[in-house]
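Chain and residue survey
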Amino acid sequence: MPTPSSKLNASERRIIFHVDMDSFFASVEIRERPELKGLPVIVGSDPKVGSGRGVVSTCSYEARRYGIHSAMPISQAYRLYPDAIFLPVNMKLYASVSTKIMELLRGFADRFQQVSVDEAYLIPGPEVRNFEEAALYALKIKDEIQRQEGITCSIGVGLNKLIAKIASGFQKPDGLTVVRPVDVKEFLFPLPVSKVPGIGKKTANTLKSLGITRVEELANCNVQLLSERFGKIGFRMKQLANGLDFGEIRENESLKSISRHGTFAEDTNDPVKITNSLDLLAESVHSSLLKHRFFFKTITLTIRFDDFSTYTRSKTIPNWTSDIFLIKRTAKLLLSKFIGSRKLRLVGVGVTKLRKRDENQTLVTDF
Ligand code: TTP
Ligand code: MG
């Protein structure tokens, strides 16, 4: 006879997965060019001989060994490792891989929340009744992403979003970390406080000045001391350090905008070429809009000139709509002011101020 608790599904049992692709942009580039496998690959917005103003979007784990990381100026990465392989950002490619991966993950989920281009939370299907089954399920997900999309990811499993998120980062790349409820403290307490989402460098330094460097010290710290120093956030930090997080998995809440960008093979000021590209991007935005069942109110155009100077222009309309012609027409109107002698490197179109088609209220965003 099953006990009543074994009838609970993963949601009621609080078994939550956090899935995060490993060195996402770089992994996609390496998948496209297998000869790059095992090499230090750096993806960045300005690979021009290391002298540009661009930053590193991401890099392969081989490059990370040289101290290179996301958001570092390309010029600095170049100084650290001039022989690394520098590649430009191909956002269109990563976005299409991301869409496929998210679709694939949705197929494994009872509830699903995408939180960025390469990461999502999910509650697995009802067949996952305990943490042992969750581990096997996670392996299946990893295999499927590898088989269909040719890249690795890391998965964390825990009783809430916080623990799942920290766990997915614990054994990167190609990791799987399952934290059973009885092991939460053993898992969290030895970690540096910077592993807690929301604790950045600045907060970590302030905590250090209070003698707090590990999660255990934060978990046991006097809440009054934390409140005096950090206000309301102090109490929240203490809760997190104790593994307490009550955030729900909320379908699509993170979706604040849908946009598509494309970089021209060669910089151009040809109006036909540019408007054709804009139309294609608008169609892609529109199909995503329909898939997610959203209305929008604001259309945004992004353009980047050949010197990397970037501009965005938006127009908000009075009524909720999902009209593709409106996206195209407005984007072209906004574009017209930029068409001239200067050449464009990139163009993008997006929609924001989204609302579910079948709901009355506007969306709330997640932390
Ligand atoms: P992340 O998941 O933060 O990083 P990652 O997937 O490259 O590496 P990890 O294995 O540590 O997860 O971000 C996902 C993608 O978002 C990343 O591949 C590139 C892009 N990105 C930027 O363009 N700039 C940034 O500063 C960061 C952090 C990410
Ligand atoms: Mg990632």
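Our subject in this report is the structure included herewith. From a predicted model like this one, the values you see are computed outputs, not experimental measurements.

We now examine the overall build of the chain. Assigned secondary structure in the chain consists of 14 helices and 13 strands. For the chain, whose C-alpha radius of gyration is 23 Å, the value lies close to the compact-globule estimate of 21 Å for 367 residues. For the chain, the spread of C-alpha atoms along the three principal axes comes to 70 × 50 × 50 Å. Every one of the 367 residues in the chain was classed for burial, and the buried ones make up 47%. Here the contacts in the chain between residues at least 6 apart in sequence split such that 65% fall between residues at least 24 apart. Within the structure as shown, the chain displays about 18400 Å² of accessible surface, and the carbon and sulfur contribution to it stands at 53%. Looking at charge distribution, the chain has the averaged site of its 54 positive side-chain charges lying 6 Å from that of its 40 negative ones.

Moving on, we come to the coordination of the magnesium ion (ligand 2). Within the protein, Asp20 (OD), Met21 (O) and Asp118 (OD) serve as the donor atoms for the magnesium ion (ligand 2), at 2.1 to 2.3 Å. Considering all six donor atoms around the magnesium ion (ligand 2), angles at the metal cover 80 to 178° and the coordination shape is octahedral. Taken in chain order, the donor set of the magnesium ion (ligand 2) reads D-M-x96-D. Here Asp118 lies in the loop between strand E5 (109-116) and strand E6 (119-124) and Asp20 lies in strand E1 (residues 16-21), a separation of 98 residues in the sequence. Each of the two residues, Asp20 as well as Asp118, counts as buried.

In strand E2 (residues 41-44), alternate side chains face the same way, and those of Val41 and Val43 on one face and Ile42 and Gly44 on the other are all buried. Where E2 meets strand E4 (residues 85-88), four bridges bridge the pair, whose relative direction is parallel. Its bridge partner lying in E4, Ile42 is registered against Phe86. Judged from the three bridges that link them, E2 and strand E3 (residues 56-59) form a sheet pairing that is antiparallel. Each bridged residue has a counterpart across the sheet, and for Gly44 the counterpart in E3 is Val56.

Let us look at the layout of surface pockets. Of the volumes computed, that of the second largest pocket is approximately 510 Å³. Forming the boundary of the second largest pocket are 22 residues, of which Val89, Met91, Gly262, Thr263 and Leu346 lie nearest the centre. Of all elements in the fold, only helix H2 (24-32), helix H5 (91-106), strand E9 (257-268), helix H13 (271-291) and strand E12 (344-352) reach the threshold of two or more residues within the lining of the second largest pocket. With four residues, E9 is the largest single contributor of residues to the lining of the second largest pocket.

Moving on to the packing of aromatic side chains. For the coordinates displayed, the defined rule picks out 10 aromatic pairs. Geometrically, the ring pair formed by Phe25 and Tyr94 is stacked, given 4.2 Å between the ring centres and 15° between the ring planes. Pair noted here: Phe25 is in helix H2 and Tyr94 is in helix H5, with a separation of 69 residues, a long-range link. The pair Phe25 / Tyr94 is uniform in exposure class, with both members buried. Arranged with centres 5.8 Å apart and planes meeting at 75°, the rings of Phe305 and Tyr311 form a pair that is edge-to-face. Note on Tyr311: relative accessible area 30%, which makes it partly exposed. Taken together through their ring pairs, the aromatic side chains of Phe17, Phe108 and Tyr137 make up a single cluster. Above the ring of Tyr61, the side-chain terminus of Arg64 is found at 4.1 Å from the ring centroid. Above the plane of the ring of Phe305 lies Arg342, whose end atom (NZ or CZ) is 3.9 Å from the centre.

Definitions and limits used
Residues numbered from 1 in each chain as written. Chains lettered and ligands numbered in written order. Predicted model: local features only at pLDDT ≥ 70, side-chain atom pairs only at ≥ 80, totals over all residues. Heavy atoms only, no water. Helix = DSSP H or I, 4+ residues; strand = E, 2+ residues; numbered from the N terminus. Rg over C-alpha atoms; globule rule 2.2 N^0.38 Å. Buried < 20%, exposed > 50% of the residue type's maximum accessible area, 1.4 Å probe, protein only. Contact = heavy atoms within 4.5 Å. Areas by Shrake-Rupley, 256 points an atom, 1.4 Å probe, with all protein chains shown as cover. Lys, Arg positive; Asp, Glu negative; His and termini not counted. Charge placed at Lys NZ, Arg CZ, Asp CG, Glu CD. Donors = N, O, S within 2.8 Å, 3.2 Å for Na, K, Ca; no water. Tetrahedral: all angles 85-135°; square planar, octahedral: opposite > 155°, others 65-115°. Pairing = 2+ DSSP bridges. 1 Å grid on protein atoms, 1.4 Å probe; cavity = no way out; pocket = protein on both sides within 12 Å on 5 of 7 lines; lining within 4 Å. Points joined across faces, edges and corners; volume = space filled by probe spheres on them. Phe/Tyr/Trp six-rings, centres within 6.5 Å; stacked < 30°, edge-to-face > 60°. Lys NZ or Arg CZ within 6 Å of the ring centre and 35° of its normal.

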